[in-house]
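A look at the structure
In case you want the letters, here they are:
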Amino acid sequence: EQVLIKFSEKESLEYVILRPTNVFGEHDKSKKLLNFFRSLKQKRFFYLDKSSCVNYVYVKLLSFAIIQIISSDLFSNEIFNINSSCAIEELVETSKKFLGLTYKTRSLPSFPVRFAVFFFDFLPKRFQLVNSIKYRELTNKKIYSIQKLKQVVTLDEKKMLHEGIRNLINHYQTLGLL
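Within each chain, residue numbers correspond to sequence positions counted from 1 in written order. The predicted origin of the model limits local features to residues at a pLDDT of at least 70 and limits the giving and counting of side-chain atom pairs to 80 or more, whereas totals for whole chains, interfaces and linings rest on all residues. Side-chain figures throughout are based on the complete set of non-hydrogen atoms in the structure, without hydrogens or water.

Some remarks on the packing of aromatic side chains
The aromatic pairing rule takes the rings of Phe, Tyr and Trp, using the six-membered ring of Trp, and pairs them if the centres are within 6.5 Å, calling planes under 30 degrees apart stacked, those over 60 edge-to-face and the rest tilted. Summed over the entire model, instances satisfying the criterion amount to 7 aromatic pairs. With a centroid separation of 5.5 Å and an interplanar angle of 85 degrees, the aromatic rings of Phe36 and Phe45 are classed as edge-to-face. With respect to class, Phe36 is no different from Phe45; both count as buried. Joined through ring pairs, the aromatic side chains of Phe36, Phe37, Phe45, Tyr47 and Tyr172 make up one cluster. The rule is simple: take the accessible area with a 1.4 Å probe, protein chains only, and divide by the maximum for that residue type; under 20% is buried, over 50% is exposed, in between is partly exposed.

Here it is, written out as structure tokens:
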């Protein structure tokens, strides 16, 4: 980003920088959400904090925003966040709906989990049920606002998040992974 900004100052180049959060989609080689979906199916997912936030962006929403910016010539030397932030409870319940699951997801008490995480961090990775990095992910409260982007591009990020989860689950089921 800094190289582009400096170059644009020198050469009078207009730009837009999009900062996507965790991009997911059907052809993601890392299969980012597969283990999460599997843990839901196997009833092995537990909340650490239902109000925690997740910041994912469906690849088709990102693509749509890029196309809109290019086709509308919105190069204005701006930096925009792009994602579909939601409470982890919304991600879990939406995923369970598309997986056809109806059980109630349980929560773990905070203090014992934090205490256990401290000790798990000293174990080799293969023995860690949860480590401090995963714990921070599951208790994150940070949201990356897209209000600035929504002033120049019309987005329905919640609809796209739900569509992305549905499409990804269908894709994994078609491949026999779920």
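Don't stop here, the text continues.
Describing the nonpolar core
As used here, the term nonpolar core means buried Ala, Val, Leu, Ile, Met, Phe, Trp, Tyr and Cys residues forming a set that is joined through side-chain atoms within 4.5 Å. Ranked by internal contacts, the top residues of the largest apolar core, which has 37 residues, are Phe24, Phe36, Phe37 and Leu40. Looking at which element gives the most residues to this core, the answer is helix H8 (residues 157–174), with 6 residues. Look past the residues within four positions of Phe37 in its chain and what remains in contact with it is Ser95, Leu99, Ile165, Leu168, Ile169, Tyr172 and Leu178. Residues Leu48, Val117, Phe120 and Val130 belong to the second largest nonpolar core, which totals 6 residues. In DSSP terms, a helix is any run of H or I states spanning at least four residues, a strand is any run of E spanning at least two, and both are numbered starting from the N terminus. In this description, contact between two residues means that some pair of their heavy atoms is separated by no more than 4.5 Å.

Quick look at the layout of surface pockets
Counted as a void, the largest pocket has a volume near 1,100 Å³. A pocket here means an open set of points on a 1 Å grid, computed over the protein atoms alone, that has protein on both sides within 12 Å along at least five of seven lines. A cavity is instead a set of points where a 1.4 Å probe fits but cannot get out; residues with an atom within 4 Å of a point line either one. What lines the largest pocket is a set of 34 residues, and nearest its centre among them are Phe36, Phe45, Lys134, Glu137 and Leu138. Grid points are joined across faces, edges and corners, and a volume is the space filled by probe spheres set on the points.

Regarding the sheet that holds strand E3 (residues 53–58)
Should DSSP find at least two bridges between two strands, the strands are regarded as paired. Pairing within the open sheet is mixed, and its 3 strands lie in the order E2-E3-E5. A strand with exactly one partner marks an edge of an open sheet, and here the two such strands are strand E2 (22–24) and strand E5 (84–87). If you compare each strand with its neighbour and ignore which way they point, the axes differ by 40 degrees on average. By the bridge criterion, 3 bridges tie E2 to E3 in an arrangement that is parallel. Residue pairing across strands places Phe24 opposite Tyr58, the latter belonging to E3. Between the N-to-C directions of two axes lies an angle of 0 to 180 degrees, each axis being a line fitted to C-alpha atoms and, for a helix, fitted only over the stretch in contact. Along the sheet, helix H4 (residues 88–99) contacts E3 and E5; its crossing angle with E5, the most-contacted strand, is approximately 95 degrees.

Quick word on the pattern of salt bridges
Pairing between side chains of opposite charge can happen when the charged atoms of each approach one another. By convention in these notes, a salt bridge is any Lys or Arg side-chain nitrogen within 4 Å of a carboxyl oxygen on Asp or Glu. A full pass over the atoms with the stated rule returns 8 salt bridges. Salt-bridge contacts for Glu78 lead to Lys148; the nearest nitrogen and oxygen are separated by 2.9 Å. One end of the pair, Glu78, is in strand E4 (residues 78–82); the other, Lys148, is in helix H7 (residues 147–150), and 70 residues separate them in sequence. Glu78 gets classed as partly exposed once you look at its relative accessible area, which sits at 28%. Here Lys150 ties to Glu157 by a salt bridge, and the two come within 3.1 Å at their closest N and O atoms. For Lys150, a relative accessible area of 32% gives the class partly exposed.

Overview of helix H3 (residues 59–71)
What a helix should span is 1.5 Å times the count of its residues minus one. Spanning 13 residues, H3 covers 18 Å between terminal C-alpha atoms, matching the ideal 18 Å at 1.5 Å per step. Those residues of H3 not exposed but buried are Leu61, Leu62, Ala65 and Ile69. For H3, the buried positions fall inside an angular range of 100 degrees around the axis, keeping them on one side. Away from the buried face of H3 by more than 90 degrees, exposed residues Ile67, Ile70 and Ser71 are located. Where H3 ends, the next residue or the one after it, Asp73, has phi of about 50 degrees, a positive value. The arc in question is formed by the directions pointing from the helix axis toward the C-beta atoms.

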